[in-house]
Amino acid sequence: MAKTAVITGSAQGIGKAIATRLGNDGFNIVISDLQEDKASETVQELKDNGIEAISIPANVSKRDDMFQLVEKAAEAFGSVDVFVNNAGVDQVAPILEVSEDDLNKIFSINVNGTVFGMQAAAEQMKKQGGGKIINACSIAGHKGFSLLGAYSATKFAVRGLTQVAAQELAQDKITVNAYCPGVVGTSMWERIDDKMVDYMGLEKGQAFEKFTNDIALGRSEEPEDVAKFVSYLASEDADYMTGQAILIDGGIVYN
């Protein structure tokens, strides 16, 4: 029986690339995104390419939503073998300007959502005898970046949560790892670029260019670059890896 992968925030961008790659690897795919129209379009694209896929909307900041997502995915395909906590939001602001609402919003999605996703996935995976949880971290989870203080804090949290969950769930044959992308050409980085213009005195596109120029491999990252690595984490080849938050950034942060 084919294995099943659930990917949050997967209607577009990195999440969509991950869903497509895992679908091509033979997984049944559950697309989960609050943008239901885009999610439906992505599901149709996957089906057109011979991939079994469905869409289940869920708000990652709501614990009940995440448990219902896993329950519905298991009902549809019989198991949840891989769960990718991909959904996340960015925030650009000097640390002295970050408001209480700003913090509550970004932590509720990037941190709370990751915790709730791991909890829901682990409950199902324990029944099955194991599985793989894969979290979205970032280069900002290894190094703090100016104007990305709150975002960096959430990704440092994801990195710590990944380590803790890996230790606690190992006895249940559940591995927990994270992928840490760099400067990826997606709508998220377009928003970051737009916001950085106001603080850095740059023109549109120059912030993205500035960060890209610092990449050792000489180009910005594509969603497919991330998806290839997640494919490895989801495979049997990664069965002996757990608790790791691996940089896949083309050469920006080294540690």
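You'll find the chain entered in an unreviewed UniProt entry as diacetyl reductase [(S)-acetoin forming], with Terribacillus saccharophilus given as the organism. Turning to the chain, the UniProt annotation filed under Sequence similarities (unreviewed entry) states: "Belongs to the short-chain dehydrogenases/reductases (SDR) family." Its UniProt record gives the chain the following Function (unreviewed entry) comment, quoted word for word: "Catalyzes the irreversible reduction of 2,3-butanediol to (S)-acetoin in the presence of NADH."

In a soluble, globular protein the nonpolar side chains are often hidden away together inside. Residues Ile-7, Ile-18, Leu-22, Ile-29, Val-84, Ile-134 and Tyr-179 are the most contacted members of the largest nonpolar core, which totals 29 residues. Mapped onto this core, the elements with two or more residues apiece are strand E1 (4-8), helix H1 (13-24), strand E2 (28-32), helix H2 (36-48), strand E4 (82-85), strand E5 (131-136) and helix H8 (223-234). Ranked by residues supplied to this core, first place goes to H8 with 6 residues. The residues touching Ile-18, leaving out its near neighbours within four places in the chain, are Ile-7, Val-84, Asn-86, Tyr-179, Ala-227 and Val-230. Val-30, Ala-121, Ala-165 and Ile-174 belong to the second largest nonpolar core, which has 28 residues in total.

Looking now at the environment of Met-125. Following the sequence through the fold, Met-125 ends up in helix H4 (residues 100-128). We classify Met-125 as buried; its relative accessible area is 0%. Sequence separation of Met-125 and Val-80 is 45 residues, and the distance between their C-alpha atoms is 6.7 Å. Here Met-125 is in contact with Val-80, Asp-81, Val-82, Phe-83, Gly-130, Gly-131, Lys-132, Ile-133 and Ile-174, once residues within four sequence places are set aside.

What follows is about the state of the cysteines. One pass over the structure, following the stated rule, counts 0 disulfides. You can see Cys-137 has no disulfide; the closest cysteine sulfur is in Cys-180, sitting 3.8 Å from it. Assessed through its relative accessible area of 4%, Cys-137 is described here as buried.

Turning our eyes to something else, we now look at the pairing of strand E6 (residues 174-181). Extensive coverage of E6 is indicated by the burial of 8 of its 8 residues. Residues Ile-174, Val-176, Ala-178 and Cys-180 of E6 are buried on one face, and the alternating residues Thr-175, Asn-177, Tyr-179 and Pro-181, pointing to the opposite face, are buried as well. For E5 and E6, the ladder comprises 6 bridges, and the chain directions are parallel. Within E6, the position partnered with Ile-133 by the bridge is Val-176.

On to the sheet that holds strand E7 (residues 245-248), then. As summarised here, the arrangement of the 7 strands in space is E3-E2-E1-E4-E5-E6-E7, forming an open sheet in which the pairing is parallel. The sheet is open, and its two borders are formed by strand E3 (53-55) and E7, each paired with just one other strand. Taken pair by pair, the neighbouring strands of this sheet meet at an average axis angle of 20°, ignoring direction. Sitting on the sheet, H1 is in contact with E1, E2, E4 and E6, with an inclination near 175° to E1. In the packing of helix H5 (residues 149-169) onto the sheet, the strands contacted are E5, E6 and E7, and the crossing angle to E6 comes to about 160°.

The rules behind the values
Residues numbered from 1 in each chain as written. Predicted model: local features only at pLDDT ≥ 70, side-chain atom pairs only at ≥ 80, totals over all residues. Heavy atoms only, no water. UniProt positions renumbered as here; feature names shortened; annotations may be inferred. Core = buried A, V, L, I, M, F, W, Y, C linked by side-chain atoms within 4.5 Å. Buried < 20%, exposed > 50% of the residue type's maximum accessible area, 1.4 Å probe, protein only. Helix = DSSP H or I, 4+ residues; strand = E, 2+ residues; numbered from the N terminus. Contact = heavy atoms within 4.5 Å. Disulfide = S-S within 2.5 Å. Pairing = 2+ DSSP bridges. Axes fitted to C-alpha atoms, helices over the stretch in contact; angles between N-to-C directions.

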